Structure formats: structure tokens, C-alpha cells
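So the chains spell out like this:
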Amino acid sequence: GDWYANPTALPNLIEFSNNAINTNIKTNPETVEANSLDVYNYPILFMTGHGNVIFSEDAIANLKTYLISGGFLHISDNYGLDKFIRREFKRIFPTLDFQEIPFNHPIFHQKFDFNGLPKIHEHDGKRPQAFGIIDNGRLVCLYTVETDLSDGWEDQPVHNDPPEKRKQALQMGANILMYAFME
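Residue numbers run consecutively from 1 along every chain, following the written order of its sequence. Owing to the predicted nature of the model, reporting of local features is limited to residues with pLDDT of at least 70; listing and counting of side-chain atom pairs is limited to 80 or more, with chain, interface and lining totals taken over all residues. Only hydrogens and water are set aside; all other atoms, that is, all heavy atoms of the structure, feed into the side-chain values.

Colleague: Looking at this model, I keep getting lost on the sheet that holds strand β5 (residues 138-145). Mind explaining?
Modeller: In a beta sheet, neighbouring strands are held together by backbone hydrogen bonds and run either parallel or antiparallel to one another. Overall, mixed pairing links the five strands, which are arranged β1-β2-β5-β4-β3 in an open sheet. The outermost strands of the open sheet, each flanked by one partner alone, are β1 (44-50) and β3 (99-100). What makes two residues a contact is simply this: any of their non-hydrogen atoms within 4.5 Å. The axes are straight lines fitted to the C-alpha atoms, using for helices just the contacting stretch, and the angles between their N-to-C directions are given from 0 to 180°. By the criteria applied, helices consist of DSSP H or I runs no shorter than four residues and strands consist of E runs no shorter than two, each listed in order from the N terminus. Sheet strands in contact with helix α3 (residues 82-92) are β1, β2 (72-79), β4 (129-135) and β5, and its direction is about 160° off that of β5. In this scheme, strands are said to pair when DSSP sees at least two bridges between them.

Colleague: Would you mind going over the nonpolar core with me for this structure?
Modeller: In globular proteins that are soluble, nonpolar side chains generally tend to be buried together. What we call a nonpolar core is a set of buried Ala, Val, Leu, Ile, Met, Phe, Trp, Tyr and Cys residues that are connected through their side-chain atoms within 4.5 Å. Burial classification: accessible surface area is computed with a 1.4 Å probe over protein chains only, and a residue below 20% of its type maximum counts as buried, one above 50% as exposed, and the rest as partly exposed. Among the nonpolar cores identified, the biggest contains 27 residues, and F72, I107, F108 and L149 are the most heavily contacted of them. Taken together, the elements giving at least two residues each to this core come down to α1 (9-20), β5, α4 (149-153) and α6 (163-182). Dropping the residues within four chain positions of it, F108 is found in contact with I101, P102, F103, D113, F114, G116, L117, A130, M172 and N175. With 25 residues, the next largest nonpolar core counts M47, A59, F84 and I85 among its residues.

Colleague: How do you make sense of the side chain of H74 when you look at a structure like this?
Modeller: Tracing the backbone shows H74 in strand β2. In contact with H74, other than residues within four places in its own chain, are L45, F46, M47, L142, T144, L149, W153 and I176.

Colleague: I tried to follow the side chain of T48 on my own but got confused; where do I start?
Modeller: With respect to the element layout, T48 can be found in strand β1. At 2.8 Å, the side chain of T48 forms a polar contact with the backbone oxygen of S76. Any pair of N or O atoms that falls within 3.5 Å is considered a polar contact. Within protein, one atom must be able to donate a hydrogen and the other to accept it, and sequence-neighbouring residues count only if both atoms are side-chain atoms.

Colleague: Looking at this model, I keep getting lost on the pairing of β2. Mind explaining?
Modeller: Regular strands place their side chains on alternate faces of the sheet. Judged by how many residues are buried, β2 sits mostly within the fold: seven of eight residues are covered. Crossover β1 to β2 through helix α2 (residues 57-68) is right-handed. Note that β2 and β5 share four bridges and pair parallel. Bridging across to β5, I75 finds its partner in Y143. Handedness of a crossover is defined as follows: with both strands directed away from the viewer, a clockwise route from the first strand across the helix to the second makes it right-handed.

Colleague: Got a minute to help me understand unusual backbone geometry in this structure?
Modeller: For residues besides glycine, phi is generally negative; the peptide bonds are generally trans as well. Positive phi is not limited to glycine here, since D148 has a value of about 60°. Residue position: D148 is located in the loop between β5 and α4. If you check the backbone angles, N160 has positive phi at about 55° while not being a glycine. If you trace the backbone, N160 turns up in the loop between α5 (156-159) and α6. Residue classification places N160 among the exposed residues on the basis of a relative accessible area of 57%.

Colleague: So what exactly am I meant to see when it comes to the pattern of salt bridges here?
Modeller: In a structure, side chains of opposite charge can pair up when their charged atoms sit close to one another. Salt bridges are counted wherever a side-chain nitrogen of Lys or Arg sits within 4 Å of a carboxyl oxygen of Asp or Glu. Applying the stated criterion across every chain, the model contains eight salt bridges. A salt bridge links E30 to K26, with the shortest nitrogen-to-oxygen separation between them at 3.8 Å. Here R91 ties to E57 by a salt bridge, and the two come within 2.6 Å at their closest N and O atoms. Here R91, found in helix α3, pairs with E57, found in helix α2; they are 34 residues apart in sequence, far enough to count as distant. Classification of R91 by relative accessible area gives partly exposed; the value is 30%.

Colleague: Before we go on, may I ask you to explain α2 in this structure?
Modeller: In an α-helix, one turn spans 3.6 residues; hence positions three or four apart end up facing the same way. If you check α2, its first and last C-alpha atoms are 17 Å apart, about what 12 residues at 1.5 Å a residue would give, namely 16 Å. Close packing links the buried residues of α2 with β1, β2, α3 and β5. Once α2 ends, the next one or two residues include G70, with phi positive near 120°. The span you would expect from a helix comes to 1.5 Å times its residue count less one.

Colleague: Just checking my understanding: could you explain the packing of aromatic side chains for this structure?
Modeller: Two aromatic rings, drawn from Phe, Tyr or Trp (for Trp, its six-membered ring), form a pair once their centres lie within 6.5 Å of each other, and the interplanar angle then sorts them: stacked below 30 degrees, edge-to-face above 60, tilted otherwise. All told, the structure shown has eight aromatic pairs when counted by the stated rule. With centroids separated by 6.0 Å and ring planes inclined at 65°, the aromatic side chains of Y40 and Y66 adopt a geometry described as edge-to-face. A residue pair is termed long-range when its members are at least 10 positions apart, and Y40 in the loop between α1 and β1 and Y66 in helix α2 qualify at 26 residues. The class for Y40 is partly exposed, based on a relative accessible area of 35%. With a centroid separation of 6.3 Å and an interplanar angle of 65°, the aromatic rings of F72 and Y179 are classed as edge-to-face. Remark: Y179 occurs in helix α6 and F72 occurs in strand β2; sequence separation between them is 107 residues. Accessibility assignment for this pair places F72 and Y179 in one class, buried.

Next comes the structure, spelled out in C-alpha cells:
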């Protein structure tokens, strides 16, 4: 997919989180390949884009080891990733399926309180959903669909989202970071 989508999203989320939840994240996010040992330098990975995703066998093994060793991955479907992400995660975790994350899950109730994911952009008239891969009782991958959180993190002129939508997206993003760091 086009993994380079939303270039201002992560810098804006980092700035917001550093101010709102007192994280101390470097303001210039790094890009790492799924098959690189560099993934182990980061407690949280973020993935977004549109369309087809294909992981190499090396990437499959590396991501699985990263996730079961304490890493956390947030995937934001920018639109069109769903069937590809589900297929590739079946290769990573053949015995696990994405489970819908209930509204009472702690990820929605960190610093900011939500009753599920906020809807940032409309695509197919479906409700926003959060899915997770849970390995040995731990949420290792959060997959957000029909919300476009990372579009809401972008600079305001990019998608012309109203301030309240951008605020909701940034607050939910901060919750995700807080949860991943504390879990």
C-alpha cells in the first residue's frame, strides 16, 4: 500500500501527545521496514495506507516476534486495507483472528474518555470499529477501520476537518499511545 500516506499525521500526534499526556517522543518519526531488526528499537509501530499489503516471509516472522515480545502495532485503515490486512495477519497469527474491541476496553478510557472510536471521515456509511489481535491476553495489534484517525491527525488544511473532529482524533491517538506505553 501507500504507507507514506498522511505525512503530517504522526508529527502532529507526537506534538499533541507530548503536550497532553506528557510523553517525550522525538518529533521526527522514523520509517522502518517490517522485516528490519530496527523495529525492536520502537515500542510502538504505526501503519496506514490504501490497498494491497503483502508481507515477505521475513517480515511475517519479524513482526510476529516483535509483537509477542512486547511490541505494539496500530494499523489505521486509510481506506481499502481491510481484506489485505486480514489476510496478512492470518499469516502472522494463523490461530488468531481480529476481535472487535468493546467500548469498555481501557484503550478508550485513558486520559480521554470515549465510547468507541470517533468517526473522522466517512467512506462506506459504516460505523467506526476497533479490532485487535490478542495474544496471551495482551492486545498486540490495534486495527482501526471506518474512522480514519490518522487523517484527523493531519494538518488542518489537508482534509479540512473541523477542529472538534481533529481534537477527537488526536485525543484517541493519545489514548492509543498511552495504552501501548503502559500495557
